[in-house]
Amino acid sequence: MSFSSTLAAIDGWLAEYAPLTLRDLPPPATGAELAAVRAQLGVDLIKDVEELLRWHNGAGRATPAFCLAPGYAFLGTADMIALSRRRVAEDEARPMWRTWNRHWLPVAAGRRGKCLAVDHSDSDSHGNVLVSSTEDGRDFPKTWPDLGAVLARSHEAMRYGSRFMKSRRTVLDGRLDWEEA
C-alpha cells in the first residue's frame, strides 16, 4: 500500500471506530510551518515526512494523543523543532557522548525521553525511522526502513487488534489508545 493510501486508511479506520480521535487531529501543516522544519534540519524534508505533515500537523491536544506507533505521540511541527533543538543542545553540552544527529527529525515522542526520529542525513540510513533515547545507547536502537513501514504496521495493529511494539489498540468512548499486551 502506498504511503498516501496508508494515511487514508488510517483516517477511514478512525472515522469508523475512533471518531473522536480523528476529530481532534489538527489540520495540515502550512507552508510556513514546513519551511520552519526544513530550516531547523538544514535539509529538505523526506517526501513521506512532508506528506505526513500535510495530512495532519501532529496529534493535537486530545488525551490520549494519536500515536504514530504505540506509545509514540505524533508531534506537530512546532514540537518537532523544539525537541530537535533540545536534543542538539544536549549533545553540544556533552561532546564526548553523542546521542543525536542534527539531521534526525523527531516525529513522535514517547516516555522517558524516547522518540521516533526520521533520518534525513546523507548516509546509508537516509529515510530510516529509529527509536532514539537520551539514555546511554548500548543496545542498537529499533529501526524501520521508512515511515511508511511504521505507519503500515500501526494501521495493521489498529485494524486487526494485533500486537505491535508490545501493545494492542483499545477504543474507549470513540478514542484510540494503546495498552501493554
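Described in the following lines is the structure provided in the data block. (Residues numbered from 1 in each chain as written. Predicted model: local features only at pLDDT ≥ 70, side-chain atom pairs only at ≥ 80, totals over all residues. Heavy atoms only, no water.)

As for its placement among the helices and strands, His120 is situated in the loop between strand E4 (115–119) and strand E5 (129–132). Residue His120 is classed as buried on the basis of its relative accessible area of 3%. From its side chain, His120 meets the backbone nitrogen of Ile46 in a polar contact 3.1 Å long. Ignoring any residue separated from it by four or fewer positions in sequence, one finds His120 in contact with Leu41, Val43, Asp44, Leu45, Ile46, Val49, His103, Leu105 and His126. (Helix = DSSP H or I, 4+ residues; strand = E, 2+ residues; numbered from the N terminus. Buried < 20%, exposed > 50% of the residue type's maximum accessible area, 1.4 Å probe, protein only. Polar contact = N/O pair within 3.5 Å; in protein donor to acceptor, adjacent residues only side chain to side chain. Contact = heavy atoms within 4.5 Å.)

So, on to the packing of helix H4 (residues 47–55) against helix H6 (residues 147–160). Between H4 and H6, the shortest axis-to-axis distance is 9 Å and the interhelical angle comes to 45 degrees. Classified by the angle their axes make, H4 and H6 are oblique. On the side of H4, the interface is formed by Asp48, Val49 and Leu52, while H6 contributes Leu147, Gly148 and Leu151. For the contact of H4 with H6, the per-class residue count stands at four nonpolar, one polar and one charged. (Axes fitted to C-alpha atoms, helices over the stretch in contact; angles between N-to-C directions. Parallel < 35°, antiparallel > 145°, perpendicular 65-115°, else oblique. Nonpolar A, V, L, I, M, F, W, Y, C, P; charged D, E, K, R; others polar.)

As for its position among the elements, Asn57 is in the loop between H4 and strand E1 (67–69). Looking at Asn57, its side chain comes within polar contact range of the main-chain nitrogen of Thr77, at 2.8 Å.

Attention shifts here to the pairing of strand E7 (residues 167–172). Of the pairings in the sheet, the one linking E7 to strand E8 (residues 175–180) comprises six bridges and is antiparallel in character. Within E8, the position partnered with Val171 by the bridge is Leu176. Counted along the chain from E7 to the antiparallel partner E8, the turn is two residues long, and its residue Asp173 has a positive phi close to 50 degrees. (Pairing = 2+ DSSP bridges.)

Counted according to the given criterion, the structure contains five aromatic pairs. A centroid spacing of 6.4 Å and a plane angle of 70 degrees characterise the contact between Trp144 and Phe164, whose relative ring orientation is edge-to-face. A residue pair is termed long-range when its members are at least 10 positions apart, and Trp144 in strand E6 (residues 143–144) and Phe164 in the loop between H6 and E7 qualify at 20 residues. Trp144 gets classed as buried once you look at its relative accessible area, which sits at 8%. Aromatic rings pair up to connect Trp55, Phe66 and Phe74 into one cluster. (Phe/Tyr/Trp six-rings, centres within 6.5 Å; stacked < 30°, edge-to-face > 60°.)

Further remarks concern unusual backbone geometry. Cis geometry is found at the peptide bond from Thr63 to Pro64, where omega equals -5 degrees. Relative to the assigned elements, Pro64 resides in the loop between H4 and E1. One non-glycine residue, Lys166, lies in positive phi territory at about 65 degrees. With phi around 50 degrees, Asp173 is a residue other than glycine that occupies positive phi space.

Taken in spatial order, the six strands make up an open sheet running E1-E2-E3-E4-E5-E6, and their pairing is antiparallel. Each of the sheet's edge strands pairs with one partner strand only, and the pair in question is E1 and E6. Taken together, the two bridges between E5 and E6 define a ladder with antiparallel strand orientation. Paired with Val129 across the strands is Trp144, a residue of E6. This element, H4, spans E1, strand E2 (72–74), strand E3 (104–109) and E4 of the sheet and lies at about 70 degrees to E2. In the packing of H6 onto the sheet, contacts are made with E1, E3, E4, E5 and E6, and the angle to E1 comes to roughly 105 degrees.

Everything listed is a geometric property; what it means functionally is a separate question.
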